[in-house]
Amino acid sequence: MVTVLTAENKAKDEREITVLLISNEGSMTGAPLFLERLARGLSKSRFRVVIFFAAGGPIIARMRTEGFEIYCSDKRPGTRGIFISIFYRVIHYFRFLRTLWIVKPDIVYSNTIINCGEAVLSRMCGFPTVVHMHEGMNFAARLKRRLAIETSVCNEVLVGSEYAGSVLYSLTGNVGTVVSIGVTGDSMCDPAASRNSSTLRVGILGTLDENKGQLIALEALALAVARGMDVQLSVAGAEVDSSYSLKLKSFVVENKLEERVVFLGMIDSVDSFFFFFYVLLVCSYVEVFPTVILEAMRERKLVVATRVGGIPEIIEHGSTGFLFEAGNAKELSQLLMDVSENMGEYSGIVEHASIKFYESYEMFNSVGAISKRLTHIFNTRPKTSWWGS
């Protein structure tokens, strides 16, 4: 079969594609940070990138200085009064419709299932729409009805991991295309620098709350120290639960670990954090697809993480890192002892992890996959939308 490329189709294939990226907020958290990286990547090819932020945050100012066309709203008022909240939400959706009218995008991309209203409005107005689902079961189950509507009306559903895809299918029966959440591939630190010491330097990064499992890390550390292990732990992350933070710090004092544990608080740069340790701990009870693991693989740090959510997709036990059961301080302590005693023998695991990162999780791969899907949708869409874009 021979396909004849008409002048009209050729022009459609080659012209600039306007994509409106919807971000749930502009905070320095997973989904907005991925959208920021995606915007930079898409803008280097045939895409005109416009961004709509549904709530504020520091990323907005940063992207404005880079010259991105940005529209902002705020659908989450400070007050919790129901009538004020409804008023703000209605105003927000009018702002979004106005953005659609001004931009007239060829395609709309939503970075999370939270943007259900915006995605549905985009489709109602005739704009091809893609939603990228990153969420796990605990969160997605609370939005089950909205998720079913959103993923049914959108032209395509992308999922950030096999685990997220299984959650989508379990809750809605819909199937998504896996496009992993990548990070940039520029290594920032000397991988050997944190290994040139008899002390095993370990780091854990995440907001200080029970789900992140910092207490399990401390309990494992206390067990290892009691067995004579020389180890230091750096704990980075903002305090979101003051009672849990107090519990962690009290445990350190009660077990005489003051010389071995340092609390760094919120850090400005994840990259600089990797200078301080050789082993990254992820002790979470619930995780979907933590990008900090990808960053550790890039920086050639050994990853020791819980066997939950999408983590086993990234880390193959004994090949690209080590896994343990969530909440099992004794198992984690033994893993840390093994790493300390055989550190030189695990360089191959670190190298395998680095290779896997560049093959599967480097941001270039994510941008390429999303660009391909957006281009396909653009080339196969109807000639005009409801608003005649």
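Residues numbered from 1 in each chain as written. Predicted model: local features only at pLDDT ≥ 70, side-chain atom pairs only at ≥ 80, totals over all residues. Heavy atoms only, no water.

**Some words on helix α2 (residues 30–43)**
Put simply, the rule is: Runs of H or I in DSSP of at least four residues are treated as helices and runs of E of at least two as strands, each being numbered from the N terminus. The span one expects for a helix is its residue count, reduced by one, times 1.5 Å. The rule is simple: take the accessible area with a 1.4 Å probe, protein chains only, and divide by the maximum for that residue type; under 20% is buried, over 50% is exposed, in between is partly exposed.
Here α2 is 14 residues long and its end C-alpha atoms lie 20 Å apart, about the 20 Å a rise of 1.5 Å per residue gives. Turning to α2, its buried residues are Ala-31, Pro-32, Phe-34, Leu-35, Glu-36, Arg-37, Leu-38, Ala-39 and Leu-42.

**Overview of the nonpolar core**
Rules: By nonpolar core we mean a set of buried residues, namely Ala, Val, Leu, Ile, Met, Phe, Trp, Tyr and Cys, connected to one another through side-chain atoms within 4.5 Å. Whether two residues are in contact is decided by their heavy atoms, any of which lying within 4.5 Å being enough.
Counting residues in each nonpolar core, the largest one holds 53 residues, and the members touching the most others are Leu-21, Leu-42, Val-49, Ile-51, Tyr-109, Ile-293 and Met-297. Excluding residues that lie within four positions of it along the chain, Met-297 makes contacts with Val-303, Ile-314, Ile-315, Ala-353, Ser-354, Lys-356 and Phe-357. Val-202, Ile-216, Ala-222 and Tyr-244 belong to the second-largest nonpolar core, a separate cluster that totals 40 residues.

**Remarks on the sheet that holds strand β13 (residues 322–324)**
Stated formally: A strand pair is defined by DSSP finding two or more bridges across the two strands. For every element, the axis is a line fit to its C-alpha atoms; helices are fit only across the contacting stretch, and the angle between N-to-C directions ranges from 0 to 180 degrees.
On the basis of which strands lie adjacent, the open sheet formed by 6 strands has the order β10-β9-β8-β11-β12-β13 and parallel pairing. Both edges of this open sheet fall to β10 (261–265) and β13, since each of them pairs with a single strand only. With direction set aside, neighbouring strand axes in the sheet form an average angle of 20°. Of the pairings in the sheet, the one linking strand β9 (residues 231–236) to β10 comprises 4 bridges and is parallel in character. Opposite Ala-236, over in β10, you have Gly-265 as the bridge partner.

**Focus on the pairing of strand β8 (residues 200–205)**
What counts is decided by this rule: Classification remark: right-handed applies to a crossover when, strands pointing away from the viewer, the course from the first strand over the helix to the second runs clockwise.
Pairing geometry for β8 and β9, over 6 bridges, is parallel. Paired with Val-202 across the strands is Leu-233, a residue of β9. Chirality of the crossover, the property in question, places the unit of β8, helix α9 (residues 214–226) and β9 among those that are right-handed. In the sheet, β8 pairs with strand β11 (residues 279–282) via 3 bridges, with the strands oriented parallel.

**Focus: the pattern of salt bridges**
For the record, the criterion: A pairing counts as a salt bridge when a side-chain nitrogen of Lys or Arg comes within 4 Å of a carboxyl oxygen of Asp or Glu.
Under the criterion given, the structure shown has 12 salt bridges. Taking the shortest distance from any N to any O, the salt bridge between Glu-66 and Arg-40 comes out at 2.8 Å. With a gap of 26 residues between them, Glu-66 in the loop between α3 (58–65) and β3 (69–72) and Arg-40 in helix α2 connect regions that are remote in the sequence. The exposure class assigned to Arg-40 is partly exposed, which follows from its relative accessible area of 28%.

**Quick notes on unusual backbone geometry**
If you check the backbone angles, Lys-104 has positive phi at about 45° while not being a glycine. Within the secondary structure, Lys-104 sits in the loop between α4 (82–103) and β4 (107–110). Classification of Lys-104 by relative accessible area gives partly exposed; the value is 29%. Its identity is not glycine, yet Arg-300 carries a phi of approximately 60°, on the positive side. Within the element layout of this structure, Arg-300 appears in the loop between α12 (291–298) and β12 (302–306).

Read these as spatial facts, not as claims about activity.
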